Amino acid sequence: MKILVTGATGYIGKRLIPLLVNDDHQVVCAVRDKLRADKSYAEEASIDVIEADFLKPETLHSIPDDIDVAFYLIHSMSNSSKDFESLEERCAKNFKNQLEKTTVKQVIYLSGITNEDNLSKHLQSRKNVENLLQSDAYALTIFKAGIIVGSGSSSFEIIRDLVEKLPFMIAPKWLNTKTQPLAVRDILSFLHRSVGFEDVYNKSFDVFGPEVLTYKQMLLQFAEVRGLKRYILTVPVMTPKLSSYWLYFVTSTSYKLATSLVDSMGVQIIGKPSHINTLLQVDPISYKAAVAHAFEKIEQNSIVSSWKDSMVSSGRLKNNLHKYINVPKYGCFQDYKERPVINSEKTIDKIWRIGGTTGWYYGTFLWKIRGYIDKLLGGIGLRRGRTSPTQLDAGDALDFWRVIFADKAQKKLLLYAEMRLPGEAWLEFKIEDGLLKQTATFRPRGLWGRLYWYSVLPFHGLIFKGMINKLVDV
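Residues numbered from 1 in each chain as written. Predicted model: local features only at pLDDT ≥ 70, side-chain atom pairs only at ≥ 80, totals over all residues. Heavy atoms only, no water.

Talk me through helix α13 (residues 364–376); I want residue IDs and the actual numbers.
Look at α13: 19 Å from first C-alpha to last across 13 residues, which is about the 18 Å you get at 1.5 Å a residue. Once α13 ends, the next one or two residues include glycine 378, with phi positive near 95 degrees. (Helix = DSSP H or I, 4+ residues; strand = E, 2+ residues; numbered from the N terminus. Expected span 1.5 Å × (residues − 1).)

The structure is reproduced here in structure tokens:
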């Protein structure tokens, strides 16, 4: 079949695409920016990448007319926009209007479990989208999941941060809220096994793991898998705002995402039983097994996708990377350095490993201080790290930077700063004519931007000089 996957650069979409290709389907990946699409897709005859923004109907003409099945994986967990509900509504309507012009027979939507009367704003929005996607032109299949557990998922990484950083926790009362966590491998099985399966046409299913657990039990079981002893005291006095700050300062999440999570975590997420497990022959694994499997992937450096690479993980950079790929020169400050390259292959390898657990080769403690300052100012700090220790692709998060361009063949890496700044900043590494050219560019915003640049200039002189020396010292 020809299958359209929306949200193709997202956490679920990136993991679903290889499964569909392995089933011999022709996959059309709809992305807002082709730069963010996995480079390996260009080598796959069975994958086509198209640019489509479902908030802009005029961009949807690139969707083929001969689609058989479509996955709707578009949703937001960010409060960066106050009217995110209306944005999700527009996306769903535009998707439906465009798909009704095609030959699509089935649309598959991944939603959230919404069985409680009092839903969070995001769960209510998911429920509204379910209704908006209903159509007489195609069959709609809805899978409704709660907490998804897997390497790189937001829930997994937040729980990991809490467990590994805090031997003792004074936590908010919503830790006693019940949920049914589901392994990412199982939600992927439900999604890809439902393709073209008429028994799930025009039906909705809650999908969930075999256990009902509180968030507190999830933290303690996570600790058991990791061989750690942890103690948790829940208190009733922590307001949603304080809870959001608690998550923000302790974990790698952004404050906006923390607010959304706290809003949702106050709602019990218990699924309604059905025969879907038998129908699709999926036997969901336990929470502990899901955690153990996630760490196997981490240890093998085979994390396919991570929530940290989502554009909403900082809220600072918009989705179109093309806008930032041409580094400005007029009205900018620059710190430019170059060094002869002894071994370009080894230098490129070093550049591609920069940040995360590797650090910044010189003055890493100063980078950490800058990260702490950024966090205190409400920024993301260095806590995102990087998804892979050796690979970089456009759109990836890298500490408080975002990868704008990464091409080993062209020997060029371009980063854009997502830290709190009175202006915009780029950091470029490029090997050309036997030289490593390292350029830090800052476009100030007003007087404060200029004062900021001159205040950090002494540190830049130290850090950037030391970094380029280390990069060519092979």
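After presenting the structure, the write-up continues.
Any chance you could break down the environment of aspartate 136 for me, citing the residues and the numbers?
Structurally, aspartate 136 can be placed in the loop between α3 (121–133) and β6 (139–145). For the pair aspartate 136 and glutamate 100, spaced 36 residues apart in the sequence, the C-alpha separation amounts to 8.8 Å.

So what's going on with unusual backbone geometry? Residues and values would help.
Here aspartate 399, not a glycine, exhibits a phi torsion of approximately 55 degrees, which is positive. You can see aspartate 399 is positioned in the loop between β15 (397–398) and β16 (401–407). If you check the backbone angles, aspartate 433 has positive phi at about 55 degrees while not being a glycine. Counting through the fold element by element, aspartate 433 comes out in the loop between β18 (423–432) and β19 (435–444).

Would you mind going over the packing of helix α2 (residues 84–99) against α3 in detail, with residue names and values included?
Each pair of packed helices gets described by two things: the angle between the helix axes and the distance between those axes. Interhelical geometry of α2 versus α3 gives an angle of 20 degrees and a closest axis separation of 9 Å. If you check the angle between α2 and α3, you find them roughly parallel. Considering the relative orientation of α2 and α3, their crossing is right-handed. Side by side, α2 and α3 meet where Phe84, Glu85, Glu88, Glu89, Ala92, Lys93, Phe95 and Lys96 of the first sit next to Lys121, His122, Ser125, Val129, Leu132 and Leu133 of the second. Tallied by class, the residues present in the contact of α2 with α3 amount to six nonpolar, two polar and six charged. (Axes fitted to C-alpha atoms, helices over the stretch in contact; angles between N-to-C directions. Parallel < 35°, antiparallel > 145°, perpendicular 65-115°, else oblique. Left-handed = near helix turned anticlockwise from the far one by under 90°. Contact = heavy atoms within 4.5 Å. Nonpolar A, V, L, I, M, F, W, Y, C, P; charged D, E, K, R; others polar.)

Lay out the sheet that holds β15 with the relevant residues and their values.
With respect to topology, six strands assemble into an open sheet ordered β14-β19-β18-β17-β16-β15, the strand pairing being antiparallel. The sheet is open, and its two borders are formed by β14 (333–340) and β15, each paired with just one other strand. Examined bridge by bridge, β16 and strand β17 (residues 412–417) share six bridges and lie antiparallel to one another. Considered in β17, the bridge of valine 403 is made with leucine 415. Against the sheet, helix α14 (residues 446–472) contacts β14, β18 and β19, and its axis sits at roughly 10 degrees relative to β14. (Pairing = 2+ DSSP bridges.)

Residue-level account of the sheet that holds strand β11 (residues 203–206), with values.
Strand pairing within a sheet occurs via backbone hydrogen bonds; the two strands may be parallel or antiparallel. Read across the open sheet, the seven strands follow the order β3-β2-β1-β4-β5-β6-β11; overall the sheet is parallel. Looking at the sheet topology across the chains shown, the edges are occupied by β3 (47–51) and β11. If you compare each strand with its neighbour and ignore which way they point, the axes differ by 20 degrees on average. For strand β1 (residues 2–6) and strand β4 (residues 69–72), the ladder comprises three bridges, and the chain directions are parallel. Across the sheet, leucine 4 pairs through a bridge with alanine 70, a residue of β4.

Tell me about the pattern of salt bridges, and please be specific about residues and values.
Enumeration according to the criterion identifies 14 salt bridges in this entry. We note a salt bridge from lysine 337 to aspartate 335, for which the minimum N-O separation is 2.7 Å. One salt-bridge network, in which partners are shared between bridges, spans Glu157, Arg160, Glu164 and Arg226. (Salt bridge = Lys/Arg side-chain N within 4 Å of Asp/Glu carboxyl O.)

Quick rundown of a nonpolar patch on the surface? Include the residues and the values.
On the surface, Phe168, Ile170, Tyr231 and Leu233 cluster together into a nonpolar patch covering about 420 Å² of accessible area. For the nonpolar patch, the secondary structure elements donating two or more residues are β8 (168–172) and β13 (231–235). By secondary structure assignment, the location of isoleucine 170 is in strand β8. (Patch = residues over 30% accessible without salt bridge, like charges linked within 9 Å, V, L, I, M, F, W, Y side chains within 5 Å. Areas by Shrake-Rupley, 256 points an atom, 1.4 Å probe, with all protein chains shown as cover.)

Can you lay out the packing of aromatic side chains for me, pointing to particular residues and giving the numbers?
Counting across every chain of the model gives 18 aromatic pairs. Measuring from ring centre to ring centre gives 5.4 Å for phenylalanine 333 and tyrosine 454, while their planes differ by 70 degrees; the resulting arrangement is edge-to-face. Of the two residues, phenylalanine 333 is situated in strand β14 and tyrosine 454 in helix α14; the sequence distance between them amounts to 121 residues. With a relative accessible area of 19%, phenylalanine 333 lands in the buried category. When the ring centre of tyrosine 361 is taken as reference, the NZ or CZ atom of lysine 350 above it lies at 5.9 Å. The residue whose ring lies beneath lysine 412 is phenylalanine 405, and the NZ or CZ to ring-centre distance is 5.4 Å. (Phe/Tyr/Trp six-rings, centres within 6.5 Å; stacked < 30°, edge-to-face > 60°. Buried < 20%, exposed > 50% of the residue type's maximum accessible area, 1.4 Å probe, protein only. Lys NZ or Arg CZ within 6 Å of the ring centre and 35° of its normal.)

Functional significance is not addressed by these values, which are geometric in nature.
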